[in-house]
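Overview (structure and organization)
This is what each chain is made of:
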Amino acid sequence: MTKLHPTPNNKDFDWKEWKELSKLIPEKGWVWQNVRTGSAEDGTDWVEQQIYYDMLYTFRLGALSPYAKGLLNGQLLGTKCAKCGDITFPPRVNCWTLDCKLEITDWIEMPLTGILHTYTICGFAAKSALKKLPFVLAYVLVGESKTAIANILKIDEPWHTETNMPVIIKFANEEDRVGNIIDFWFEPDPKWSPSPMNAEKERIKKLCEPVYEWVRRLKR
Amino acid sequence: MPEQQQVYIAGGTTTPFDYPVNLQIEELVANTIRQLYKDVPNFHLKDVRDNGMVVYSHFSVHFAHQLTSYWILHDHLGLVGVPHFRIDNGGNTGGSALYAAYALVRAGLADVVPVIGYELMGSVSQSKGSEFIAIASDTRYEAMLGANYTNYYAGLARIFMEKYGLTEEDFAEIAIKNKNNAMATGEKAQHYRTVGKKLTIDDVMASRLISYPLKKWDCCFMSEGAATILVCNEKYAKQYSPDHSIEITGAGLSSCTIRAGDRYAFPGWTEKYGEGYPGLGEFAACRHSAEVAYKMAGIDWKDSHKQIDVAEVHDAFSTSEFQIYNALGWCESTTPKQFIRDKMPMMEGEIPTNPGGGLIGYGHPVGATGLMSAIECYYQLTGLIPREHKSTDNEVKDAEVGLVNSHAGTGTSISNFIFKRV
């Protein structure tokens, strides 16, 4: 018989508990806020109205759930195809090689080490991350993975980040983990030391200075 | 049975691109159609009703605070009964909508297909807007990091920069080229409207760090606006614009991974281009879609820069425009470093790129962007620059063959078209 991803029985979920949890984050839907009117110099009328709208998303991770449970346990789970042998992290629950015909892959534990493939030093980012600026977003090849994964590299002096530097994976404290990518980050391998300062590193350091200042003001 | 037809563009226009534009979508789009009635006097929406379809090009439901917002447009234009659908393909929405119209006319399923693109992005704060756009990255892995597309692109640029020995200044050349070209385009271009002066390499280098190697002036800005382009068969092209039509002689559309990290060694690319390509620094979907379009138009990938007179490409960032040159094959007979230092994509160079200003100079209201690029290229090939631009400083005289590029995600969907003067 063809192996498919199993569809769990809905009876296995505790809906009542989930409903109670959702109530703690009340949704407001469309909520009227403000109106503002005026006329441009040429007499053209304008009206602006502010209306609030929100939603609470539930992400159901389905076949990816072992990956998320792994994060909660402080493990990185990747996938391996039994047919072609390709290993990927982030996981792919079906193989990407066309000849493997979407073979359902096996879970494997990844080592907590990797090589930094490329990176950027962020001087601006999404609202939720502004206070962490400047931070390094790095694409890292974890273990034998044929894919790179993006995550934050925690490094004291971001301008020292280098391609091909070895990194280790660090996890948040167990009580803080949520089964999401934000449970872990990269740090330079303690055995690694950066190459000396050079013109580019000096330049990046200089570009970072106003960012540090801006974030200091933001935090006040 | 419908028969295969040659495909033409007989007209096109954009609204001014700005942030915000203070108009709703139906007024914006009505403005483009009324302008088309003026520019192409023989055009009539009744032809669309009788022998056509409408393809709407719109990216984000989140920005529109409205599902299926093109339903509002369609009956506002007086159209009922006429087939319509909307294309969303990220930043390549405009290119993909043009591709859909091309396919419809090519297949003989429709004779006149206006492609109508629009985006209002000022409905939310700029930071919320960047966050909305980042929802097009894999929300389970990438968006949760607090990064947005500028950060992803900067990461891809870093490895490209290192691979080819490029500097921040090399990228800044591209940024100011596009900003300054937009000064000749005039009041429809966002840079002209909001900054209104030429910039220098020093300005770019001194601007705020966004994500190394990108600074503020290396990036396009959030914009609003609309564009309509008139795709049709030969009969209508002759009827509408006997002196101002171009033929679409090549059209390619390709795809790559949603997460840039997944293209490090993707089997589909390794089989096609060998180990190590594209990696994270190259846009394989751009190369592939260009190869398809070039082949249709009889252009050789490696010699393409000699056979194309003008190009409008998707410069969301100065760095990505550079990566696009490479993917289009323009650096094959030289090196990326030499290509820019020889000023090849400048107005005076061999292949002027983004003379209209591109996204950095003209603006990037997502659903309208690819169409703006196509319309600017159409103007260049039909001698309409003096009519459409503030000055002819950015006119590529006697251009015969043009390239239009539209680009999405982190290079996740890319289209390329070859236009030919008729």
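Above this text sits the structure in question.
The structure displayed is predicted, hence computed values, not measured ones. Per chain, residues are indexed from 1 in the order of the written sequence. Written order decides the labels, with chains lettered from A and ligands numbered from 1. Local features in this predicted model are restricted to residues of pLDDT 70 or higher, and side-chain atom pairs are both shown and tallied only at a pLDDT of 80 or more, whereas totals for entire chains, interfaces and linings draw on every residue. In computing side-chain properties, one takes all heavy atoms of the structure into account and sets aside hydrogens as well as water.

Moving on, we come to helix α8 (residues 168-185) of chain B. Residue and element names in this part refer to chain B. The end-to-end C-alpha separation of α8 is 26 Å, in line with the 26 Å expected for 18 residues at 1.5 Å each. Each residue is placed in one exposure class: buried if its accessible area under a 1.4 Å probe, protein chains only, is under 20% of its type's maximum, exposed if it is over 50%, and partly exposed if it falls in between. The secondary structure listing takes helices from DSSP runs of H or I that are at least 4 residues long and strands from runs of E that are at least 2 residues long, numbered from the N terminus. Across the 18 residues that make up α8, a large majority, 16, are buried. Immediately downstream of α8, the backbone of G186 shows phi near 100°, a positive value. What a helix is expected to span follows from its residue count: subtract one and scale by 1.5 Å.

Here we come to the pattern of salt bridges. Definition used for salt bridges: Asp or Glu carboxyl oxygen within 4 Å of a side-chain nitrogen of Lys or Arg. Summed over the entire model, instances satisfying the criterion amount to 32 salt bridges over all chains. Taking the shortest distance from any N to any O, the salt bridge between E48(A) and R36(A) comes out at 2.8 Å. Of the two residues, E48(A) is situated in strand β2 (residues 45-52) and R36(A) in strand β1 (residues 31-39); the sequence distance between them amounts to twelve residues. What makes E48(A) partly exposed here is its relative accessible area of 33%. For R36(A), a relative accessible area of 49% gives the class partly exposed. We note a salt bridge from K343(B) to E173(B), for which the minimum N-O separation is 3.7 Å.

This part is about the sheet that holds strand β11 (residues 413-421) of chain B. Within a sheet, neighbouring strands are paired by backbone hydrogen bonds and run either parallel or antiparallel to one another. Residue and element names in this part refer to chain B. Spatial strand order, β3-β2-β4-β7-β1-β8-β11-β10-β9: nine strands in an open sheet with mixed pairing. Either end of the sheet is taken by a strand with one partner, and the two such strands are β3 (84-87) and β9 (310-312). Across the sheet, the axes of successive neighbouring strands diverge by a mean angle of 25°, strand direction being ignored. Pairing between strands is defined by DSSP: at least two bridges between the two strands are required. Where β9 and strand β10 (residues 401-408) come together, three bridges link them in parallel fashion. Within β10, the position partnered with V310 by the bridge is G402. By definition in these notes, contact holds between two residues if any of their heavy atoms fall within 4.5 Å. For every element, the axis is a line fit to its C-alpha atoms; helices are fit only across the contacting stretch, and the angle between N-to-C directions ranges from 0 to 180 degrees. On top of the sheet, helix α1 (residues 25-39) reaches β1 (8-14), β4 (112-119) and β7 (225-232); it is set at about 45° to β7, its chief contact.

Residues and elements named next belong to chain B. Looking at the element boundaries, D39 is found in helix α1. We classify D39 as buried; its relative accessible area is 17%. Any N or O atom pair separated by 3.5 Å or less is treated as a polar contact, with the protein-specific requirement of one donor-capable and one acceptor-capable atom, and with residues adjacent in sequence counted only for side-chain atom pairs. Among the polar contacts listed, one links the side chain of D39 to the side chain of R387, at a separation of 3.5 Å.

A separate point is the state of the cysteines. For the purposes of this analysis, a disulfide is any pair of cysteine sulfur atoms at a distance within 2.5 Å. A full pass over the atoms with the stated rule returns zero disulfides over all chains. A disulfide-free cysteine, C256(B) has its sulfur positioned 11 Å from the sulfur of C286(B), the nearest such atom.

Next up on the list: the nonpolar core. Judged by nonpolar contacts, the single largest core of 106 residues is most densely connected at F184(A), F186(A) and Y294(B). By size, the runner-up hydrophobic cluster in this structure holds 42 residues, among which are I87(B), A101(B), Y362(B) and C377(B). We call a set of buried residues a nonpolar core when its members are Ala, Val, Leu, Ile, Met, Phe, Trp, Tyr or Cys and they connect through side-chain atoms within 4.5 Å of each other.

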